[in-house]
Amino acid sequence: MTAFFVTGATGVVGSALVEALLRLPEARLFLLIRAGSGDELRQRLETLLRFCGADPAAVAGRVMALAGDTTLPQFGLGPDDYREVVLATRHIVHCAGAVRMNLPLEAARASAVGAARNVIALAAQARSSGQPPPKVEFVSTVGVGGRLPGTLPERWITEEREFHNTYEQSKAEAEVLVERAIADGLPVTVHRPSMVVGDSRSGRIINFQVFYHLAEFLTGRRTGGFLPDPGQTRLDIVSSDHVARALVWSALEPATAGRVLHLCAGPEDALPIRDLARLLGQAFEAAGQPVPRARWLPIGVFRAALPVGRLFAGPGVRKALATLPIFLDYLAESQAFGNQETSRLLQAAGMTADRSVNLAQVAIRFYLDSRYGRVPGGGNSASTPDAPKGLGKGGSG
């Protein structure tokens, strides 16, 4: 069997990846899972396997859950477990990350940069043991471009730039470590997803992240219909299963080592925010969830009105409004992410991403079904494994 060491297995990207890897009969999985006890570790593994549609008993010989933390030296594993991982692992897929945009910088660095350092150390330790170093798939984010103007290129970003938040900055700093590791001879591929939504066919997702919070906001239900005018700004989204397929393909393709791949819709297919708001209004109305008429305000005016709005809002709405500055930073700028070279490689391997408008419709349908019950064209509300949680961009989960 070929052993994969996977971090962030219970996140959005990680769960889709585990589901894809379980389809490979020769794959053995070491899953690093944050857990405070043996019982919690078992429970989190069982929840993950249920989401993947796998029988825990049937895959027991192929899946080993390890309680650990990507920010700790040797992931906080005991000496015996770490040695087994070092000697057995042929592929490392690093999906873990604190996908919260408002962490203090040092906390964000501990998550992104500290984890990158430990992943690189694992690969280097395997190489020093006398065996070929494992191929590393490093999940980053298109957000490393920060406020860089123009279309983000599919290469290392060395230009000076500002960032929207500490998540972007810490991920960019982590990429610097990865680039050095590649120069040192380690076979690493960097993957930069855009905003990750659920499965392209069913919409299934293990927990709801930033797209779904943004979707609720764009209905206007929390702001009485008042919304910041996004102008021509577009939203670049990608499905979790497309990211997972690309990760598996790249892991098994040595030629991708040293490359930067953009897993995203690209400038031409990114969805205009106004179109997304229209889709949301139609879907919510069809689900029996009325939405107010949209009243678009200049972003500066909307931002200035937020403190007043919080004064008159209830506790739940106040909490939601507190996160709006994060969204406003993105709505105020039109960003684009190049993906021509990545798309060419993936298409040659038989992979094509679904159109953004289709992904949005499927994601919205699943979200409505999960939150509000059966909706036209939807499934069953019991299908979602976890309550919505988290706030982040990208797919590190």
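Being a predicted model, the structure only gives us computed values, none of them experimental.

1. What to know about the overall build of the protein chain
Here is step 1 of the chain: In terms of helices and strands, the protein chain carries 13 helices and 15 strands.
Here is step 2 of the chain: A total of 397 residues make up the protein chain; the buried ones form 55% of that total.
Here is step 3 of the chain: Restricting to contacts in the protein chain with at least 6 residues of sequence separation, those with at least 24 account for 82%.
Here is step 4 of the chain: Accessible surface computed for the protein chain: about 16,400 Å², of which carbon and sulfur atoms make up 52%.

2. Structural notes on the confidence of the model for the protein chain
The predicted structure's coordinates, where accompanied by low pLDDT, should not be read in detail.
Here is step 1 of the chain: Of all residues in the protein chain, 89% have pLDDT values of 70 or greater, and the mean over the chain is 90.
Here is step 2 of the chain: In this model, residues 378-397 is a region of pLDDT below 50 whose contacts with residues beyond four sequence positions or in other chains number 78 contacts.

3. Structural notes on the environment of Thr-219
Here is step 1 of the chain: If you trace the backbone, Thr-219 turns up in the loop between helix H6 (210-218) and strand S9 (226-228).
Here is step 2 of the chain: Considered as a pair, Thr-219 and Val-291 are 72 residues apart in the sequence and their alpha carbons are 6.1 Å apart.
Here is step 3 of the chain: Leave out the neighbours within four places in its chain, and Thr-219 touches Leu-280, Phe-284, Val-291 and Pro-292.
Here is step 4 of the chain: Here Arg-221 takes part through its backbone nitrogen, which lies 3.2 Å from a polar atom of the side chain of Thr-219.

4. Details of the pattern of salt bridges
Note on pairing: side chains with opposite charge can pair once their charged atoms come close.
Here is step 1 of the chain: Within this structure, the stated rule accounts for 18 salt bridges.
Here is step 2 of the chain: As a salt-bridge pair, Glu-159 and Arg-155 come within 2.6 Å of each other at their nearest N and O atoms.
Here is step 3 of the chain: A salt bridge links Arg-221 to Glu-216, with the nearest nitrogen and oxygen atoms 3.9 Å apart.
Here is step 4 of the chain: Judged by relative accessible area, Arg-221 falls into the partly exposed class, the value being 31%.

5. A look at the pairing of strand S1 (residues 2-7)
Regular strands place side chains that alternate from one sheet face to the opposite one.
Here is step 1 of the chain: Most of S1 sits out of view: five of its six residues are buried.
Here is step 2 of the chain: In terms of handedness, the path from S1 via helix H1 (residues 12-21) over to strand S2 (residues 27-33) forms a crossover that is right-handed.
Here is step 3 of the chain: By the bridge criterion, five bridges tie S1 to strand S4 (residues 89-94) in an arrangement that is parallel. By the bridge assignment for S4, Thr-7 is matched with His-94.

6. Focus on the nonpolar core
Here is step 1 of the chain: Residues Leu-17, Leu-22, Leu-29, Leu-31, Phe-211 and Leu-276 are the most contacted members of the largest nonpolar core, which totals 82 residues.
Here is step 2 of the chain: Residues contacting Leu-29, with those up to four places away along its chain left out, are Phe-4, Val-18, Leu-21, Leu-22, Arg-62, Val-63 and Met-64.

7. Structural notes on the packing of helix H3 (residues 79-88) against helix H4 (residues 105-128)
Here is step 1 of the chain: It is at 8 Å that the axes of H3 and H4 come closest, and there the two elements cross at 70 degrees. Of the possible angle classes, the one that applies to H3 and H4 is roughly perpendicular. In this structure, H3 meets H4 at a crossing whose hand is right-handed. Residues Tyr-82, Val-85 and Val-86 of H3 form the contact with H4, whose participating residues are Ala-121, Leu-122, Gln-125 and Ala-126.
Here is step 2 of the chain: A class-by-class count of the residues in the contact of H3 with H4 yields six nonpolar, one polar and no charged.

8. Some details on the pairing of S4
Here is step 1 of the chain: Of all six residues making up S4, five are buried, and the element is well covered by its neighbours.
Here is step 2 of the chain: Assessed by its sense of winding, the connection that carries the chain from S4 through H4 to strand S5 (residues 135-139) is right-handed.

9. Brief notes about the packing of aromatic side chains
Here is step 1 of the chain: Under the defined criterion, the tally for this structure stands at nine aromatic pairs.
Here is step 2 of the chain: Here Phe-284 and Tyr-372 contribute two aromatic rings whose centre-to-centre distance is 6.2 Å and whose plane-to-plane angle is 65 degrees, an arrangement assigned as edge-to-face. Residue Phe-284 is found in helix H8 (residues 273-286), and its partner Tyr-372 is found in helix H13 (residues 356-372); the two are separated by 88 residues along the sequence.
Here is step 3 of the chain: Among the residues examined, Phe-284 registers a relative accessible area of 0% and is labelled buried.
Here is step 4 of the chain: Given a relative accessible area of 28%, Tyr-372 falls into the partly exposed group.
Here is step 5 of the chain: Through a chain of ring-to-ring contacts, three or more aromatic side chains come together here, namely Phe-208, Phe-211, Tyr-212, Phe-366 and Tyr-367.
Here is step 6 of the chain: The residue whose ring lies beneath Arg-204 is Phe-51, and the NZ or CZ to ring-centre distance is 4.2 Å.

10. Topic: the sheet that holds S5
Here is step 1 of the chain: Pairing within the open sheet is parallel, and its seven strands lie in the order S3-S2-S1-S4-S5-S7-S12. The two strands at the open ends of the sheet, each matched to only one other strand, are strand S3 (63-67) and strand S12 (260-263). Taken over all neighbouring pairs, the strand axes of this sheet differ in orientation by 20 degrees on average, direction set aside.

11. A short note on H4
Two residues of an α-helix separated by three or four positions point the same way, owing to the 3.6 residues in each turn.
Here is step 1 of the chain: Between its terminal C-alpha atoms H4 stretches 33 Å, which fits the 34 Å expected from 24 residues at 1.5 Å a residue.
Here is step 2 of the chain: Directly beyond the C-terminal end of H4, a positive phi value near 100 degrees is found at Gly-130.

Reading guide: rules and limits
- Along each chain, residue indices are assigned from 1 in the same order as the chain's sequence is written.
- Local features in a predicted model are, by the rule used here, given only for residues with pLDDT of at least 70; side-chain atom pairs are given and counted only at 80 or more, and totals for whole chains, interfaces and linings are based on all residues.
- Water and hydrogen atoms play no part in the side-chain values, which are based on all heavy atoms of the structure.
- Runs of H or I in DSSP of at least four residues are treated as helices and runs of E of at least two as strands, each being numbered from the N terminus.
- Think of it in three bands: residues with accessible area under 20% of the maximum for their type are buried, residues over 50% are exposed, and the middle band is partly exposed, with areas taken using a 1.4 Å probe on protein chains only.
- Residue contacts follow a heavy-atom distance rule, with two residues in contact if any of their heavy atoms lie within 4.5 Å.
- Here, Shrake-Rupley sampling with a 1.4 Å probe gives the accessible areas, and only protein chains in the shown set may cover a residue.
- The predictor reports its confidence for every residue as pLDDT, a score running from 0 up to 100.
- Throughout this description, a polar contact denotes any pair of N or O atoms lying within 3.5 Å of each other; where both atoms belong to protein, one of them has to be capable of donating a hydrogen while the other can accept it, and for residues adjacent in sequence the pair is counted only when both atoms sit in side chains.
- The term salt bridge refers to a pairing of a side-chain nitrogen on Lys or Arg with a carboxyl oxygen on Asp or Glu at a separation within 4 Å.
- Looking down the strands as they point away from you, a crossover is right-handed if its path from the first strand over the helix to the second goes clockwise.
- Pairing between two strands is assigned when DSSP locates at least 2 bridges connecting them.
- What we call a nonpolar core is a set of buried Ala, Val, Leu, Ile, Met, Phe, Trp, Tyr and Cys residues that are connected through their side-chain atoms within 4.5 Å.
- To get an axis, fit a line to the C-alpha atoms, keeping to the stretch in contact for a helix; angles then go from 0 to 180 degrees between the N-to-C directions.
- Angle categories: roughly parallel below 35 degrees, roughly antiparallel above 145, roughly perpendicular from 65 to 115, and oblique for all the rest.
- When the near helix sits turned anticlockwise from the far one by under a right angle, the crossing is termed left-handed; a clockwise turn instead gives a right-handed crossing.
- Just so you know the grouping, Ala, Val, Leu, Ile, Met, Phe, Trp, Tyr, Cys and Pro go in nonpolar, Asp, Glu, Lys and Arg go in charged, and all remaining residues, Gly too, go in polar.
- Stacked, edge-to-face and tilted labels apply to pairs of Phe, Tyr and Trp rings (six-membered ring for Trp) whose centres lie within 6.5 Å, assigned for plane angles under 30 degrees, over 60, and everything in between, in that order.
- For a Lys NZ or an Arg CZ to count as sitting over a ring, it must be within 6 Å of the ring centre and within 35 degrees of the ring normal.
- To estimate the expected span of a helix, subtract one from its residue number and multiply by 1.5 Å.

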